[in-house]
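# A look at the structure
Okay, here's what each chain looks like letter by letter:
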Amino acid sequence: MQRRDFLGVAGAAGALALAGCEAPPPPIEGGFTGIDVARGHALRDGALKSSSPATVKRTRVVIAGGGVAGLAAARALRLAGLDDFVLLELEDAAGGNARGGMVGGIACPLGAHYLPTPGDDAREVQDLLEELGLRRRVAGRWEYDERHLCHSPQERLFFRGEWQDGLLPVHGVGAETHAQYRKFAQRIDALQHAAHFAIPVQRAAVTPELLALDALPFANWLDSEGLGDAQLRWYLDYCCRDDYGAGIEQVSAWAGIHYFASRHGFHAPGSSSSGADPNTERDGVLTWPEGNGWLTKRLAEPTGDRLHTGQAVTRIADLRGGVEVDAWDAASKSLVRWQAERCIVALPVFIAVRVVENAPEVLQNAAAHLRYAPWLVANVHLRGPLADRPGAAPSWDNVIYGTRGLGYVDARHQALDPTPRGTVLSWYRPLGPSRHDGADGRRLLLDRPWTGWRDDLLAELSVPHPDLPSLATRIEITRYGHAMAIPRPGLLAQIGAHGDRVVAGRLSFAHADWSGYSIFEEAFTRGHVAGAALA
């Protein structure tokens, strides 16, 4: 919509209001998209299994699962010159929960929407970014392409009726709250010096100190440290729900601390870096209108016809003469059997344990201890720019204090054209156990109509933006029943000793689940290592 048209619509609406007959907002279209729930449940229920394949094919390596880990494994094989492989993906596009989409002609994320600039432990991710031209070495230092770094302003919080910079509540909070911020910052700084917190997690030794933190719920550790301030705990709960899909009562103290200690620490307001070098810069963030779909699309493109979508892997068998992988082809509605030398199982653990015949003990143990957080992403198209409340300027990440959702990101934030116009806001709603949600999030996600989520979105985002319902034209909702593993207390002790590779016979397991939580760096590294080992 052009500015002239927008002013004309606004003027007409004002005239109607003055005449006492305000026009109702136009209807909002929408529905569920992005995930074929019926296909996934047919796989779960065994409806796709068949003992008689219609076709038998041969290849050297089968990669089961086309999320970030599977795509990374395919890239590693290609880089090593091994082209005789296939990549089998359940959905109609690769990328897992890091795919992108379009609403109203505007690119937007269907899941993960950013990648922090990786540290030296994530050397495989660093190499990928260099390959994609996102970073290069200049005068001995790494520099990132600023077009892909998140533009300022990055974050803001709607708190006590106005927007403030950053996500930590600061406006109008008392001296005791600020003292708690400083105390938490000091504890994180001390723990960073006492133990190595790494991303990917397999690059850090599982020490007794880390296992002691792993044994406690994060909320209990905060209690033991005397960190009970309501504003601090709201923020930490938000962070855990953002990265892990569950609240501070459900994730381990190791996970809650890892969120900060593995990256940039915790910076209390008014202090440069809470005891660290005052010249240390916060980590940058890479982001795109379509989120991490920008990355997965570029990982998928070189696989060409070796990528087979719409493939429900129903059986993986490690036999005497090699590996057999059966996949139900949704297009032909027939079973295809792949015979190969090796298989990289880049599937979530809860699926892998169902489809791997005679599942090895390491897989059974992981499946017994992993629990998952359901997740919802809603993309709402707006026909014009929103009016704003006082305070900080519109940002990339916009969070509303105290709500069930995690706020929204603006798909046009990276646009270089400053002209106000329509956009897409991506609203994130975790449904794992927390003080907001119980244990029935997956059932709620499946049973509730899209209009219920529409109403939740409109109610939440209308708090800072009362005009949003009148500007919304369409809402598309993507549901993830098992979006991410929850790093519950004790999980690190159960699965944290596997290192870079998890191997059983001719099967290599590669998925972020093996790290106990889901981020790009974990999935990519595990996939790359599995692929490189077979090349």
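Model, not experiment: these values are computed from the prediction. Within each chain, residues carry numbers counting from 1 in the order of the written sequence. Reporting in this predicted model follows two pLDDT cut-offs: at least 70 for local features of residues, and 80 or more for side-chain atom pairs to be given and counted; totals over whole chains, interfaces and linings ignore these cut-offs and use all residues. Neither water nor hydrogens contribute to the side-chain values; these are computed over all heavy atoms in the structure.

### With respect to the pairing of strand β5 (residues 100-103)
Only one face of β5 is buried: it carries G101 and V103, and the other face, with G100 and M102, is open. As paired elements, β5 and strand β6 (residues 106-109) share four bridges and run antiparallel to each other. Bridge pairing links M102 to A107 in β6. In this structure, the hairpin formed by β5 and β6 is closed by a connection of two residues, where G104 is found at a positive phi of approximately 60°. A simple rule labels every residue: compare its accessible area, found with a 1.4 Å probe on the protein chains alone, to the largest value its type can have, and call it buried under 20%, exposed over 50%, or partly exposed in between. Working definition: helices are DSSP H or I runs of at least four residues, strands are E runs of at least two. Numbering for both runs from the N terminus. When DSSP finds at least two bridges between two strands, those strands are taken to pair.

### Here we look at helix α10 (residues 293-300)
In terms of residue burial, α10 counts as a mostly covered element, since six of its eight residues are buried. Among all positions of α10, only G293, W294, L295, T296, L299 and A300 are buried. On its buried side, α10 packs onto α3 (68-79), β5, β7 (115-116), α4 (123-131), β13 (307-308) and α17 (520-534). Note on definitions: a residue-residue contact is assigned when non-hydrogen atoms from the two residues lie within 4.5 Å.

### Details of the side chain of S515
Here S515 is to be found in the loop between β24 (507-509) and α17. For S515, the side chain forms a polar contact with the side chain of E522, separated by 2.7 Å. As used in this structure description, the phrase polar contact means that two N or O atoms lie within 3.5 Å; if the pair is within protein, one of them must be able to donate a hydrogen and the other to accept it, and residues adjacent in sequence are counted only when both atoms belong to side chains.

### Some details on the pattern of salt bridges
Salt bridges are identified by distance alone: a Lys or Arg side-chain nitrogen within 4 Å of an Asp or Glu carboxyl oxygen. Applying the stated criterion to the full structure yields 25 salt bridges. Between R474 and E29 there is a salt bridge; the shortest N-O distance is 3.6 Å. A residue pair is termed long-range when its members are at least 10 positions apart, and R474 in strand β22 (residues 472-485) and E29 in strand β1 (residues 29-32) qualify at 445 residues. A salt bridge links R187 to E225, with the shortest nitrogen-to-oxygen separation between them at 2.9 Å.

### Here's the deal with the packing of helix α5 (residues 175-194) against helix α9 (residues 253-261)
To characterise two packed helices, one gives the angle between the axes of the helices and the distance between these axes. Where α5 contacts α9, the two axes come as close as 10 Å, and the packing angle between them is 85°. The angle between α5 and α9 falls in the class roughly perpendicular. Contacts between α5 and α9 involve F184, I188, L191 and Q192 from the former and I257, F260 and A261 from the latter. Note on residue classes: Ala, Val, Leu, Ile, Met, Phe, Trp, Tyr, Cys and Pro are nonpolar, Asp, Glu, Lys and Arg are charged, and everything else, Gly too, is polar. Classifying every residue of the contact of α5 with α9 by side-chain character gives six nonpolar, one polar and no charged. Axis lines are fitted to C-alpha atoms, over the contacting stretch for helices. Their N-to-C directions set the angle, which ranges from 0 to 180 degrees. Every angle not falling under 35 degrees, over 145, or within 65 to 115 is termed oblique; those three ranges are roughly parallel, roughly antiparallel and roughly perpendicular.

### Re α5
One less than the residue count of a helix, multiplied by 1.5 Å, gives the span that helix is expected to have. In this model, α5 (20 residues) spans 29 Å end to end at C-alpha, consistent with the 28 Å of a helix rising 1.5 Å per residue. What α5 keeps buried is the set T177, Q180, Y181, F184, A185, I188, D189 and L191. On its buried face, α5 is in contact with α6 (208-214), α7 (218-224), α8 (230-244) and α9.

### As for the sheet that holds β13
Pairing is mixed across the open sheet formed by six strands, whose spatial order is β13-β4-β3-β17-β24-β23. Looking at strand neighbours, the two that pair on one side only are β13 and β23 (502-504), the edges of this open sheet. Across four bridges, the pairing between strand β3 (residues 61-64) and strand β17 (residues 342-345) is parallel. The residue bridging A64 from the neighbouring strand is V345, located in β17. Here α3 sits on the sheet and contacts β3, β4 (85-88) and β17; the angle it forms with β4, its principal contact strand, is near 170°. The strands touched by α17 within the sheet are β3, β17, β23 and β24, with β17 carrying the most contacts at an inclination of about 175°.

### Concerning the packing of aromatic side chains
Here a Phe, Tyr or Trp ring, Trp counted by its six-membered ring, pairs with any other such ring whose centre lies within 6.5 Å, and the pair is stacked when the planes are under 30 degrees apart, edge-to-face when over 60, and tilted otherwise. On inspection of all chains with the given rule, the structure shows 18 aromatic pairs. On the numbers, 5.8 Å between centres and 85° between planes, the contact of Y114 with W396 is edge-to-face. Taken together, the residues Y114 in the loop between β6 and β7 and W396 in the loop between β18 (372-382) and β19 (397-400) connect sequence positions 282 residues apart. For Y114, a relative accessible area of 21% puts it in the partly exposed group. What makes W396 buried here is its relative accessible area of 7%. Connected via pairs of aromatic rings, a cluster forms that spans F184, Y235, Y259, F260 and F266. By definition here, charges over rings are those cases where NZ of Lys or CZ of Arg is within 6 Å of the ring centre and within 35 degrees of the ring normal. Of note, R135 hangs over the ring of W142, and the distance from its end group to the ring centre comes to 3.6 Å. Over the ring of W450 we find R454, and its NZ or CZ is 5.5 Å from the ring centre.

### With respect to unusual backbone geometry
It is generally the case that most residues other than glycine have a negative phi and that most peptide bonds are trans. The residue after S152, namely P153, is reached through a cis peptide bond having omega -5°. Summarising the element assignment, P153 is placed in the loop between β9 (141-144) and β10 (155-159). Residue P200 is bonded to the preceding I199 through a cis peptide linkage, with omega at 0°. Position of P200 among the secondary structure elements: in the loop between α5 and α6. Backbone geometry places N358, a non-glycine residue, at a positive phi of 50°. Within the secondary structure, N358 sits in the loop between α11 (349-355) and α12 (361-369).

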